[in-house]
Amino acid sequence: MNLLNKIERKFGKLAIPNLPKWIILTYIIGYVIYYLYPTAIAYIYLEPELILKGQVWRLITWVFVPPTTTNIFFVLIMLFFYYSISTTLEQTWGSFRFTFYIITGLLFMIIGSFVLYLLTPNYLHFGILYSTHYINLAIFLAFAATYPDMTVMLYFLIPLKIKWLALVDVVIIIIDFVRATLWETRVAIIASVLNFLLFFLLSRKYKSGVTPTFTRQKPKRKAEAPKRFNPHTGGITKHKCAICGRTENDGIDLEFRFCTKCNGNYEYCQDHLFTHTHKQ
């Protein structure tokens, strides 16, 4: 069992279901503020000095600062795209892992801003650099690492595998980091990339390309799945791991999903879903 599995077993109940919906909602609220009350944006930036002076709401409200773009058409495309890939990641990883990934990214950004504040004299009014732009970057990199061979239509016309788009993004990140004149920009980049690297290090046994279904199967999947007898309880169980044999009666926090890469109706618990050998 990797470290992230242990963390999930202990804190799994803290997961935020449907988190992508709330992320997009913060973007929408941020854009409403940006378009209707542009001067109000300055009161929600992540500014450590002002936070230490009592404006503690900035620890939370900075997540409403939207990615910098003023074109409403690109805003709508961005919202749709990131909702789509965020939802896919949540479905693939589970609510807890996706929540963990987003929350640690936000915490790294906050910690980085305070460290920079302590090391940099006259540090103020750089909160504009700490927006959700780099949170989006971390989500995109995670999606590309999980589904590298998925094809997207660039400008609705050019089919490209998402791993190549991610490679272009990485090159741009490196260029931005080298050319940045402010360490505030570099800290924001480091925070997002560090979050990505830490997550995949903690879940190093995670195998990409697995597209599981939910514990609550579709009607067709439920009809096809055979009923399983649990010798410990003498009753019928709905789920059973093909590796360890555990069922839902072995723990209320256990999750079970089918792997579409395996031939047949093979179901796995959360500890073996991404570590098993596909049955062909």
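Residues numbered from 1 in each chain as written. Predicted model: local features only at pLDDT ≥ 70, side-chain atom pairs only at ≥ 80, totals over all residues. Heavy atoms only, no water.

Some remarks on the overall build of the chain
Inference 1: Looking only at helices and strands, the chain has 10 helices and six strands in total.
Inference 2: Among the 280 residues that make up the chain, the fraction classed as buried is 43%.
Inference 3: With an accessible surface of roughly 15,800 Å², the chain has 67% of that area assigned to carbon and sulfur atoms. (Helix = DSSP H or I, 4+ residues; strand = E, 2+ residues; numbered from the N terminus. Buried < 20%, exposed > 50% of the residue type's maximum accessible area, 1.4 Å probe, protein only. Areas by Shrake-Rupley, 256 points an atom, 1.4 Å probe, with all protein chains shown as cover.)

Quick notes on the confidence of the model for the chain
Inference 1: Chain-level pLDDT for the chain is 75 on average; 77% of the residues reach the 70-or-more range.
Inference 2: Under a pLDDT of 50 for its full length, residues 205–234 has, in the predicted model, 71 contacts with residues more than four places off or in other chains. (pLDDT = per-residue confidence, 0-100. Contact = heavy atoms within 4.5 Å.)

Section: helix α1 (residues 3–11)
Inference 1: Among all positions of α1, only Leu 4, Asn 5, Ile 7 and Glu 8 are buried. All buried residues of α1 project into a common sector of 160° when viewed along the axis, lining one side. Facing away from the buried surface of α1 by more than 90 degrees, the exposed residues are Lys 6 and Lys 10. (Arc of directions from axis to C-beta.)

What to know about the packing of aromatic side chains
How two aromatic rings sit relative to each other is given by the distance of their centres and the angle of their planes.
Inference 1: Under the criterion given, the structure shown has eight aromatic pairs.
Inference 2: For the pair Trp 93 and Tyr 101, a centre-to-centre distance of 5.5 Å together with 80° between the ring planes defines the contact as edge-to-face. Each member of the pair, Trp 93 as well as Tyr 101, is classed as buried. (Phe/Tyr/Trp six-rings, centres within 6.5 Å; stacked < 30°, edge-to-face > 60°.)

What to know about the environment of Ala 138
Inference 1: Following the sequence through the fold, Ala 138 ends up in helix α7 (residues 133–146).
Inference 2: Taking C-alpha positions, Ala 138 is 7.8 Å from Gly 105, a pair spaced 33 residues apart along the chain.
Inference 3: Not counting residues up to four positions away in its chain, the partners in contact with Ala 138 are Tyr 101, Ser 192 and Asn 195.

Digging into the packing of helix α5 (residues 72–93) against α7
Inference 1: Contact pair α5 / α7: the axes reach a minimum separation of 10 Å and the direction vectors enclose 55°. In terms of orientation, α5 and α7 fall into the oblique class. Here α5 runs over α7; the crossing is left-handed. Of the residues in α7, those in contact with Met 78, Phe 81, Tyr 82, Ile 85, Ser 86, Thr 88, Leu 89, Thr 92 and Trp 93 of α5 are Asn 136, Ile 139, Phe 140, Ala 142, Phe 143 and Thr 146.
Inference 2: In terms of residue class, the contact of α5 with α7 is built from 10 nonpolar, five polar and no charged. (Axes fitted to C-alpha atoms, helices over the stretch in contact; angles between N-to-C directions. Parallel < 35°, antiparallel > 145°, perpendicular 65-115°, else oblique. Left-handed = near helix turned anticlockwise from the far one by under 90°. Nonpolar A, V, L, I, M, F, W, Y, C, P; charged D, E, K, R; others polar.)

Quick look at the packing of helix α6 (residues 95–119) against α7
Inference 1: Contact pair α6 / α7: the axes reach a minimum separation of 10 Å and the direction vectors enclose 140°. Accordingly, the angle class assigned to the pair α6 and α7 is oblique. Seen along the crossing, α6 lies across α7 with a hand that is right-handed. In contact with Tyr 101, Ile 102, Gly 105, Leu 106 and Met 109 of α6, α7 contributes Tyr 134, Ile 135, Ala 138, Ile 139 and Ala 142.

Side note on the environment of Ser 84
Inference 1: By the secondary structure assignment, Ser 84 is in helix α5.
Inference 2: Separated by 64 residues in sequence, Ser 84 and Pro 20 have C-alpha atoms that sit 8.5 Å apart.

Considering the state of the cysteines
Inference 1: Here the structure, examined in full by the defined rule, presents zero disulfides.
Inference 2: A disulfide-free cysteine, Cys 262 has its sulfur positioned 4.0 Å from the sulfur of Cys 259, the nearest such atom.
Inference 3: The exposure class assigned to Cys 262 is buried, which follows from its relative accessible area of 6%.
Inference 4: Unpaired in this structure, Cys 269 has its nearest cysteine sulfur neighbour in Cys 241, at a distance of 3.7 Å. (Disulfide = S-S within 2.5 Å.)

Some remarks on the pattern of salt bridges
Inference 1: A full pass over the atoms with the stated rule returns four salt bridges.
Inference 2: Lys 161 serves as the salt-bridge partner of Asp 149, at 3.8 Å between the closest nitrogen and oxygen. Of this pair, Asp 149 sits in the loop between α7 and β1 (151–154) while Lys 161 is found in strand β2 (residues 158–161), placing the two residues 12 residues apart along the sequence.
Inference 3: For Asp 149, a relative accessible area of 45% puts it in the partly exposed group.
Inference 4: Via salt bridges that share partners, Asp 149, Lys 161 and Lys 163 belong to a single interconnected network. (Salt bridge = Lys/Arg side-chain N within 4 Å of Asp/Glu carboxyl O.)

Here's the deal with the nonpolar core
Inference 1: Ranked by size, the top nonpolar core spans 51 residues in total, and within it Trp 62, Trp 93, Tyr 101, Ile 102, Met 109 and Tyr 130 carry the most contacts.
Inference 2: No other element matches α7, which puts 10 residues into this core.
Inference 3: Core analysis: the second largest hydrophobic core is formed by eight residues, Cys 241, Leu 254, Phe 256 and Tyr 268 among them. (Core = buried A, V, L, I, M, F, W, Y, C linked by side-chain atoms within 4.5 Å.)

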